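Spelled out, the chains give:
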Amino acid sequence: MGKKNIDWENLGFGYVKTDKRFVSNFKNGAWDEGALVEDDTITISECAGVLQYAQTVFEGLKAYTTEKGQIVIFRPDLNAERLEASAKRLEMPVFPRDKFIDAVVKTVEANEAYVPPYGSGATLYIRPYMFGNSPVIGVKPAEEYQFRVFTTPVGPYFKGGAKPITIKVSDFDRAAPHGTGNIKAGLNYAMSLHAIVTAHEEGFDENMYLDAATRTKVEETGGANFLFVTKDGKVVTPKSDSILPSITRRSLVAVARDYLGLEVEEREVYFDEVKDFAECGLCGTAAVISPVGRINDHGNVINFPSGMDDMGPVTKKLYDTLTGIQMGRLDAPEGWIKVIK
Ligand SMILES: *Cc1c(COP(=O)(O)O)cnc(C)c1O
């Protein structure tokens, strides 16, 4: 199939409409077969559960072209599993895991012309999501739901190399203990918008959220988990019930242990320890790892030894190894890469 005439290298991270999307409806207690459709618009009740009480969950993953020219996706089974956990927490029906993977594969296949070529740095971002679409006015779960998958080509996250960013310790909380911080739900993002707009106005790239109960432990940013490296080369990543279990972070932990032979600690991380780390990065599907060069805690500044010019050496190795696995330059662990074609 021919590729669309897109300037892949100069694509940003914005929505570009592609040809087909997958839609399945949940009615009378069951999901229908689902189908690929061309219509990119949705018509729902003015009283839909999603519009009134934010009953919606989502996932994010990418399709890309490997060195050998195959189109692949990375660990979609974990997205399927996580969407299930998110749906259950918001009293939504579970979309079966095998059907989830099937829907993602079908949607990518149908939009093959938008999968960026190898080496462009661009990828096809895949957004599966589900929402309550039947009318709800008294507070309760909706009775009907829609599951959709659309794709949109996105540009290289780092144009001209990954530059370390500066983040601030936020005055806002992201997630309460026993709350919804560990699910991928739009509601966690709605309430983070004021915090990120404020941080940007103050000249920071991102927020570091601390645990809401004690404000002593590192949680995550609005949309990425933390990974630190100690001065003796150990990888440390925060463990908490209120952070979102990032698939990138979990994969980097495996890469650190099994490919690079590094020691990894998944544990509570006190903010007081952060000044002693050598490197810091943010992990998520979009960027894999964004290096953090500086953290500002109300005027007290932590400058990591890795500096503001380049990724730290261990972060770089982790980044190169995971992206090498994803792009087919290195052998992947069993089950990590799903070949679409
Ligand atoms: C999606 C997300 C991440 C990153 O998860 P990945 O599976 O690595 O993309 C981290 N934090 C939050 C809050 C998220 O929503």
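Structure's up top.
All values derive from a computational prediction rather than experimental measurement.

Novice: Quick rundown of the nonpolar core? Include the residues and the values.
Specialist: Counting residues in hydrophobic clusters, the biggest one holds 33 residues, and the most contacted among them are I73, F100, V104, V108, I126, M130 and F147. Of all the secondary structure elements, the ones that give two or more residues to this core are β1 (21–27), β5 (61–65), β6 (71–74), α2 (76–89), α3 (97–110), β7 (123–132) and β8 (145–154). It is α3 that provides the largest number of residues to this core, a total of six residues. When near neighbours in sequence (up to four residues on either side) are disregarded, V104 contacts L61, I73, I126, P128 and V149. Among the nonpolar cores identified, the runner-up in size contains 21 residues, and Y64, V264, C283 and M327 belong to it.

Novice: Before we move on, can you summarise the packing of helix α6 (residues 247–258) against helix α8 (residues 313–326) with the specific residues and values?
Specialist: Running from amino to carboxyl end, α6 crosses α8 at an angle of 105°, the nearest separation of the two axes being 10 Å. One way to sum up the angle between α6 and α8 is to call them roughly perpendicular. Residues T248, S251, L252, V255 and A256 of α6 touch α8, and the partners they reach there are L318, T321, L322 and I325. Each residue belonging to the contact of α6 with α8 can be placed in one class, and the counts come to six nonpolar, three polar and no charged.

Novice: Would you mind going over the site of the ligand in detail, with residue names and values included?
Specialist: Around the ligand sit 15 residues in total, of which K184, Y189, S246, T248 and T285 are the nearest. Between the ligand and I247 there is a distance of 2.9 Å, counted from an oxygen atom to a backbone nitrogen or oxygen. Considering the ligand on its own, with 380 Å² of exposed area, one finds that the protein chains cover 96% of that surface. Assessed atom by atom at 2 Å from the grid points, the ligand resides in the largest pocket. Its residues placed into classes, the shell around the ligand shows four nonpolar, seven polar and four charged.

Novice: Kindly report on α2, identifying the contributing residues and their values.
Specialist: Helix length check: α2 (14 residues) gives 20 Å between terminal C-alpha atoms against 20 Å at 1.5 Å per residue, within 8%. By the burial criterion, the buried members of α2 are P76, L78, N79, A80, R82, L83, E84, S86 and A87. E91 sits one or two residues past α2 and shows a positive phi near 55°.

Novice: I'd love a proper account of the layout of surface pockets, names of residues and values included.
Specialist: There is about 1,100 Å³ of room inside the largest pocket. What lines the largest pocket is a set of 44 residues, among which Y189, G222, G223, A224 and A286 lie closest to the centre. Elements represented by at least two residues in the lining of the largest pocket include exactly β7, α4 (186–190), α5 (193–201), β10 (206–208), α6, β14 (279–284) and β15 (288–297). Top element by residues in the lining of the largest pocket is α4. It accounts for four residues. Here the residues of the lining of the largest pocket are counted per class, giving 21 nonpolar, 16 polar and seven charged. No fewer than three residues from each of domain 1 (8–154) and domain 2 (165–325) sit in the lining of the largest pocket. Empty space within the second largest pocket amounts to approximately 550 Å³.

Novice: Mind laying out the environment of E219, listing which residues take part and the relevant values?
Specialist: Inspection of the secondary structure puts E219 in the loop between β10 and β11 (225–229). On the accessibility criterion, E219 (6% relative accessible area) is buried. As for E219 and L83, which are separated by 136 residues in sequence, their C-alpha atoms are 21 Å apart. Beyond its immediate stretch of four places on either side in the chain, E219 contacts Y209, L210, D211, F226, P238, S240, S242 and I243. Here the side chain of E219 touches S240 through a polar contact of 2.7 Å, side chain to side chain.

Novice: So, the side chain of R174: which residues are in play, and what are the values?
Specialist: As for its placement among the helices and strands, R174 is situated in the loop between β9 (165–169) and α4. The exposure class of R174 is buried, given its relative accessible area of 8%. Among the polar contacts listed, one links the side chain of R174 to the side chain of E220, at a separation of 2.8 Å. A polar atom in the side chain of R174 sits 3.1 Å from the backbone oxygen of S242. Not counting residues within four places of it along the chain, the set of residues in contact with R174 comprises G181, N182, N188, M191, Y209, E220, T221, G222, S242, I243 and L244.

The rules behind the values
- Residues numbered from 1 in each chain as written.
- Predicted model: local features only at pLDDT ≥ 70, side-chain atom pairs only at ≥ 80, totals over all residues.
- Heavy atoms only, no water.
- Core = buried A, V, L, I, M, F, W, Y, C linked by side-chain atoms within 4.5 Å.
- Buried < 20%, exposed > 50% of the residue type's maximum accessible area, 1.4 Å probe, protein only.
- Helix = DSSP H or I, 4+ residues; strand = E, 2+ residues; numbered from the N terminus.
- Contact = heavy atoms within 4.5 Å.
- Axes fitted to C-alpha atoms, helices over the stretch in contact; angles between N-to-C directions.
- Parallel < 35°, antiparallel > 145°, perpendicular 65-115°, else oblique.
- Nonpolar A, V, L, I, M, F, W, Y, C, P; charged D, E, K, R; others polar.
- Near = heavy atom within 4 Å.
- Polar contact = N/O pair within 3.5 Å; in protein donor to acceptor, adjacent residues only side chain to side chain.
- Areas by Shrake-Rupley, 256 points an atom, 1.4 Å probe, with all protein chains shown as cover.
- 1 Å grid on protein atoms, 1.4 Å probe; cavity = no way out; pocket = protein on both sides within 12 Å on 5 of 7 lines; lining within 4 Å.
- Sits in = over half its atoms within 2 Å of the grid points.
- Expected span 1.5 Å × (residues − 1).
- Points joined across faces, edges and corners; volume = space filled by probe spheres on them.
- Domains from an automatic or database assignment.

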